[in-house]
Number of protein chains: 2
Amino acid sequence: MTTVQRPTLEAVARRAGVSRATVSRVVNGSTTVAEPIREAVRLAVAELGYVPNLAARSLVTQRTDSIALVLPEEATRVFSDDQVFPSIIRGVAQELEAADKQLVLMLAGSPAGHARVERYTTGRHVDGVVFASLHGADPLPAKLARLGIPVVCSGRLVGDVGVPYVDVDHVGGVTRAVRHLLDSGRRRIATIAGPQDMFAGVERLTGYREAVAAAGLPERVAFGDFTRESGAAAMRQLLDAHPDLDAVFAASDLMAHAAMRTLREAGRRVPDDVAMIGFDDIETAAYTDPPLTTVRQPILELGREAARQLLRMAAGEDVAPALVLPTELVVRASA
Amino acid sequence: MTTVQRPTLEAVARRAGVSRATVSRVVNGSTTVAEPIREAVRLAVAELGYVPNLAARSLVTQRTDSIALVLPEEATRVFSDDQVFPSIIRGVAQELEAADKQLVLMLAGSPAGHARVERYTTGRHVDGVVFASLHGADPLPAKLARLGIPVVCSGRLVGDVGVPYVDVDHVGGVTRAVRHLLDSGRRRIATIAGPQDMFAGVERLTGYREAVAAAGLPERVAFGDFTRESGAAAMRQLLDAHPDLDAVFAASDLMAHAAMRTLREAGRRVPDDVAMIGFDDIETAAYTDPPLTTVRQPILELGREAARQLLRMAAGEDVAPALVLPTELVVRASA
DNA sequence: TTGTAGGCGTTATCAA
DNA sequence: TTGATAACGCCTACAA
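Residues numbered from 1 in each chain as written. Chains lettered and ligands numbered in written order. Predicted model: local features only at pLDDT ≥ 70, side-chain atom pairs only at ≥ 80, totals over all residues. Heavy atoms only, no water.

The name an unreviewed UniProt entry gives chain A is LacI family DNA-binding transcriptional regulator, with Micromonospora rubida as the organism.

Quick look at the structure:
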């Protein structure tokens with residue numbers, strides 16, 4: 001490849017008949033440069049097509065003005081019709097946009113990808129990192145924090161690792177959901193739980209367990225991983241094990257959606273025979289048949305808060321170790 | 001923020017009692033270092049928690065081992081339930097994964113975002129750039145190419161700018177779709193066209209126009225922007241202007257989906273009264289009611305090819321100026 | 001207001 | 001095989 005030799009500050013300086021320092025000042029918008037000189041430099045920059053080398057700059061400034069959002073997931077998963085990731089991304093993007101920082105999105109589904117992300121982030125390619133959807137006890141956030149790199153997790157980590165996080169009130173939302181089912185007379189309430197290597201999965205199950213226990217009812221649990229397919233499978237398991245169930249709380253809307261379909265295929269009417277409540281309030285929840293009653297979590301806001309916290313940290317400010325946003329029960333027709 | 005002072009090569013060298021050069025060799029896996037020394041260096045690296053500074057490295061190597069995928073779209077749009085972008089992302093991600101390059105995803109919906117992306121890419125933060133979903137005559141690809149930065153566009157640009165691209169055979173696919181409608185006896189065939197500032201939008205309309213003209217039929221056109229809402233609106237327009245239509249080719253599955261719903265609301269049966277064909281073959285196309293007949297485009301493959309081309313360019317090889325992948329008519333129940 | 005000069009942390013070219 | 005030493009391109013005291 002015949003990489004065009006790119007002009008440097010030095011070249012621009014020669015062209016404009018000034019020193020490197022002056023060019024640097026003009027390029028970076030310093031006001032202490034006389035107008036004629038400034039103009040001459042601008043001209044030289046334009047003529048030569050000069051573009052600053054960011055590596056050189058960040059080597060000395062110790063900043064890159066870009067922030068990474070790391071999703072330790074396969075691309076397939078991130079961009080499914082689950083709108084959770086997209087919303088987080090949008091939220092983060094909005095805040096960074098306002099701060100004029102570049103968002104760098106990194107997927108890390110595979111071990112190799114994870115290693116690459118580690119190299120990239122620890123190598124100071126970014127000024128800070130937002131993690132979302134962490135599984136298990138991923139050591140990377142803590143590692144980065146130890147290296148002095150600002151880190152915020154969107155969604156609390158399993159096991160407290162001392163990294164600031166933002167999350168939503170899972171238990172509160174689930175509690176309201178189960179109470180709603182109880183209020184409408186349901187007594188044989190099952191749950192389709194989420195993956196237990198994620199905090200959201202654990203918490204939503206905890207919420208369910210506590211709520212049914214408080215009502216003196218037995219628990220009926222099947223597990224999924226937040227996806228549609230897993231929801232359908234879990235629903236079939238529940239029907240097999242507890243054919244008499246009259247309500248289901250699913251830990252994600254996708255699972256709830258698939259479960260409703262499975263119920264219909266099994267000849268059960270929703271909500272007449274079995275009530276269904278989901279979690280997330282994704283866009284399609286309003287368009288399912290019947291429209292899905294669900295626990296809304298402010299995902300966009302979660303992303304925005306995560307980004308805000310990170311920007312504060314990067315600016316050297318202290319931030320709260322935890323920020324928990326409220327959830328809300330949205331009652332539609334399915335329960 | 002108490003940014004921990006990070007150890008440098010120098011520090012490791014002192015600790016291990018060798019020179020910087022030797023540490024560099026060990027870190028980069030050179031084989032010309034004696035085993036005991038290698039071991040001592042490894043120990044020092046571990047003890048100090050040394051991580052190479054990527055900015056310093058790329059300043060001298062002129063490489064970053066990362067590739068940008070730029071989507072000049074709002075995050076909202078990119079992550080809608082349209083699976084087109086996600087598939088491109090996945091395709092690119094797969095190839096880069098195999099090449100052990102870091103994927104850096106950048107959204108650039110706003111003008112400010114666009115400017116940021118320009119700074120970032122021209123500033124040599126990445127070794128190459130894949131563009132997808134370009135609107136109008138975006139000058140950035142050509143600009144990067146002039147700077148000697150490898151660029152590939154996924155989806156051809158409006159107006160030939162001399163940047164290598166990969167795309168699918170829009171016209172061929174649409175032609176087969178219209179022919180299918182003709183073969184099944186439809187004669188009053190309308191189209192919901194895509195945005196005319198995108199090559200895909202233009203080409204699919206061209207394909208429709210040529211096909212109906214070749215059959216001696218008049219054209220009936222309404223415009224959308226590939227989204228559901230725009231599809232519904234366009235369908236209403238078409239029904240108003242041409243209440244006798246008996247078939248519609250929509251330039252995207254999302255528009256086709258919404259149009260079918262609109263038709264049903266207007267009392268038309270699909271396909272009995274009006275046949276519908278979409279474009280894309282997104283996942284939900286198989287689950288619409290009725291299942292959607294559509295033109296499948298190999299989007300994942302498109303992303304992979306784009307990435308492959310880029311990697312070749314970055315490696316200094318020559319690549320074909322254009323690569324066009326075939327499309328295919330998938331016949332389901334809607335037409 | 002402008003220029004000089006040193007240094008940011010690596011890699012790479014030489015000698016040794 | 002190892003070690004000086006010179007870039008890489010930029011910013012920024014400090015001096016003029």
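**As for the sheet that holds strand β10 (residues 293–296) of chain A**
Residues and elements named next belong to chain A. The strand order across the open sheet formed by six strands is β7-β6-β8-β9-β10-β12, and the pairing between neighbours is mixed. Every other strand in the sheet has two partners, leaving β7 (220–223) and β12 (328–330) as the edge strands with one partner each. The average angle at which neighbouring strand axes cross in this sheet is 20°, direction not considered. Note that strand β9 (residues 275–280) and β10 share four bridges and pair parallel. Its bridge partner being in β10, Asp-280 is matched across the sheet by Arg-296. Against the sheet, helix α9 (residues 170–183) makes contact with β6 (189–193), β8 (247–250), β9, β10 and β12, and its axis sits at roughly 165° relative to β9, the strand it touches most. (Pairing = 2+ DSSP bridges. Helix = DSSP H or I, 4+ residues; strand = E, 2+ residues; numbered from the N terminus. Axes fitted to C-alpha atoms, helices over the stretch in contact; angles between N-to-C directions. Contact = heavy atoms within 4.5 Å.)

**Re the protein's contact with DNA strand D**
In the vicinity of DNA strand D, 28 residues are found, and the nearest of them are A:Leu9, A:Tyr50, B:Thr22, B:Arg25 and B:Ile37. Each atom of DNA strand D within 4 Å of the protein was classed as base or backbone; sugar and phosphate made up 62%. In this structure, A:Tyr50 approaches DNA strand D through a side-chain N or O atom, which is 2.5 Å from a phosphate oxygen. Within the backbone of B:Ser19, an N or O atom sits 3.1 Å from a phosphate oxygen of DNA strand D. Listing elements by their share of the surface near DNA strand D, those giving two or more residues are α2 (20–27) and α4 (54–61) of chain A together with α2 (20–27) and α4 (54–61) of chain B. Taken together, the residues that form the surface near DNA strand D break down as 14 nonpolar, nine polar and five charged. (Near = heavy atom within 4 Å. Polar contact = N/O pair within 3.5 Å; in protein donor to acceptor, adjacent residues only side chain to side chain. Nonpolar A, V, L, I, M, F, W, Y, C, P; charged D, E, K, R; others polar.)

**Remarks on the packing of aromatic side chains**
All names here are of chain A. By the definition in use, this model includes two aromatic pairs over all chains. On the numbers, 6.4 Å between centres and 75° between planes, the contact of Phe-249 with Phe-279 is edge-to-face. Of the two residues, Phe-249 is situated in strand β8 and Phe-279 in strand β9; the sequence distance between them amounts to 30 residues. Just as Phe-249 is buried, Phe-279 falls in that class too. Above the ring of Phe-279, the side-chain terminus of Arg-204 is found at 3.8 Å from the ring centroid. (Phe/Tyr/Trp six-rings, centres within 6.5 Å; stacked < 30°, edge-to-face > 60°. Buried < 20%, exposed > 50% of the residue type's maximum accessible area, 1.4 Å probe, protein only. Lys NZ or Arg CZ within 6 Å of the ring centre and 35° of its normal.)

**Things to note about the UniProt feature "domain: HTH lacI-type" (unreviewed entry) in chain A**
As annotated by UniProt and renumbered to match this structure, "domain: HTH lacI-type" (unreviewed entry) occupies residues 7–61 of chain A. A helix fraction of 69% and a strand fraction of 0% characterise residues 7–61 of chain A, whose end C-alpha atoms lie 21 Å from each other. (UniProt positions renumbered as here; feature names shortened; annotations may be inferred.)

**Things to note about the protein's contact with DNA strand C**
Close contacts around DNA strand C come from 28 residues, with A:Thr22, A:Arg25, A:Ala34, A:Ile37 and B:Ser24 the closest. When the atoms of DNA strand C within 4 Å of the protein are sorted by group, sugar and phosphate make up 62%. Of all the elements in the fold, those that place two or more residues in the surface near DNA strand C are α2 and α4 of chain A together with α2 and α4 of chain B. Its residues placed into classes, the surface near DNA strand C shows 15 nonpolar, eight polar and five charged.

**A short note on the interface of chain B and chain A**
Counting residues at the interface gives 52 residues for chain B and 53 residues for chain A. At the boundary of chain B and chain A, one finds six salt bridges. We note a salt bridge from B:Asp100 to A:Arg116, for which the minimum N-O separation is 2.9 Å. Among the secondary structure elements, those contributing two or more residues to the side of chain B that touches chain A are α4, α5 (75–78), α6 (84–98), β2 (102–107) and α7 (111–122) of chain B. In terms of residues, the side of chain B that touches chain A owes the most to one element, α7(B), which gives seven residues. Of the residues assigned to the side of chain B that touches chain A, the class counts are 24 nonpolar, 17 polar and 11 charged. (Salt bridge = Lys/Arg side-chain N within 4 Å of Asp/Glu carboxyl O.)

**Structural notes on the side chain of B:Glu95**
With respect to the helices and strands, B:Glu95 occurs in helix α6. When sequence neighbours within four positions are dropped, the list of residues in contact with B:Glu95 reads B:Arg304, B:Ala307, B:Arg308 and B:Leu311.

**Focus on the pattern of salt bridges**
Throughout the structure, instances matching the rule amount to 48 salt bridges over all chains. The shortest N-O distance in the salt bridge between A:Arg308 and A:Glu301 comes to 3.6 Å. With a relative accessible area of 23%, A:Arg308 lands in the partly exposed category. For A:Glu301, a relative accessible area of 29% puts it in the partly exposed group. Residue B:Arg14 is joined to B:Glu10 by a salt bridge in which the shortest nitrogen-to-oxygen separation is 3.6 Å. With a gap of four residues between them, B:Arg14 and B:Glu10 both fall in helix α1 (residues 9–16), about one helical turn apart. Bridged by salt links that share partners, the residues A:Glu95, A:Glu301, A:Arg304, A:Glu305 and A:Arg308 form one connected network.

**Considering the packing of helix α11 (residues 228–241) of chain A against helix α12 (residues 253–265) of chain A**
Between two packed helices, the angle of one axis relative to the other and the distance separating the axes together describe the packing. Residues and elements named next belong to chain A. For the pair α11 and α12, interaxial distance at closest approach is 7 Å and the crossing angle is 50°. As the angle between them shows, α11 and α12 are arranged oblique. The interaxial crossing formed by α11 with α12 has right-handed handedness. Side by side, α11 and α12 meet where Arg-228, Ser-230, Gly-231, Ala-232, Met-235, Arg-236 and Leu-239 of the first sit next to Leu-254, Met-255, His-257, Ala-258, Ala-259, Thr-262 and Leu-263 of the second. Taken together, the residues of the contact of α11 with α12 break down into eight nonpolar, four polar and two charged. (Parallel < 35°, antiparallel > 145°, perpendicular 65-115°, else oblique. Left-handed = near helix turned anticlockwise from the far one by under 90°.)

**Section: the environment of B:Thr294**
Residue and element names in this part refer to chain B. Turning to its location among the elements, Thr-294 is positioned in strand β10 (residues 293–296). Since its relative accessible area comes to 0%, Thr-294 is described here as buried. For the pair Thr-294 and Asp-253, spaced 41 residues apart in sequence, the C-alpha to C-alpha distance is 7.3 Å. Residues contacting Thr-294, with those up to four places away along its chain left out, are Asp-253, Ile-277, Gly-278, Phe-279, Asp-280, Asp-281, Glu-328, Leu-329, Val-330 and Arg-332. In this structure the side chain of Thr-294 is engaged in a polar contact, spanning 2.6 Å, whose partner is the side chain of Asp-253.

**Overview of the sheet that holds strand β8 (residues 247–250) of chain B**
All names here are of chain B. Within the open sheet, the six strands sit side by side as β7-β6-β8-β9-β10-β12. Their pairing is mixed. Taken across any chain shown, the strands that pair with only one partner, and hence form the sheet edges, are β7 (220–223) and β12 (328–330). Each strand axis lies, on average, 20° off the axis of its neighbour in the sheet, ignoring direction.

**Digging into α4(B)**
Every buried residue of α4(B) is listed here: B:Leu54, B:Ala55 and B:Ser58. What you see down the axis of α4(B) is that its buried residues fit within an arc of 95°, all on one side. Its buried side turned inward, α4(B) meets α4 and α7 (111–122) of chain A. Downstream of α4(B) by a residue or two, B:Gln62 has a phi angle that is positive, lying close to 65°. (Arc of directions from axis to C-beta.)

**Topic: the relation of the copies chain B and chain A**
The transform that puts chain B on chain A rotates by 180° and translates by 0.0 Å along the axis, for an RMSD of 0.1 Å. Here the transformation between the copies is reduced to the relation of a two-fold axis. Both copies share a contact surface, since 100% of the interface residues of chain B are interface residues in chain A too. (Least-squares fit on C-alpha atoms with pLDDT ≥ 70 in both.)

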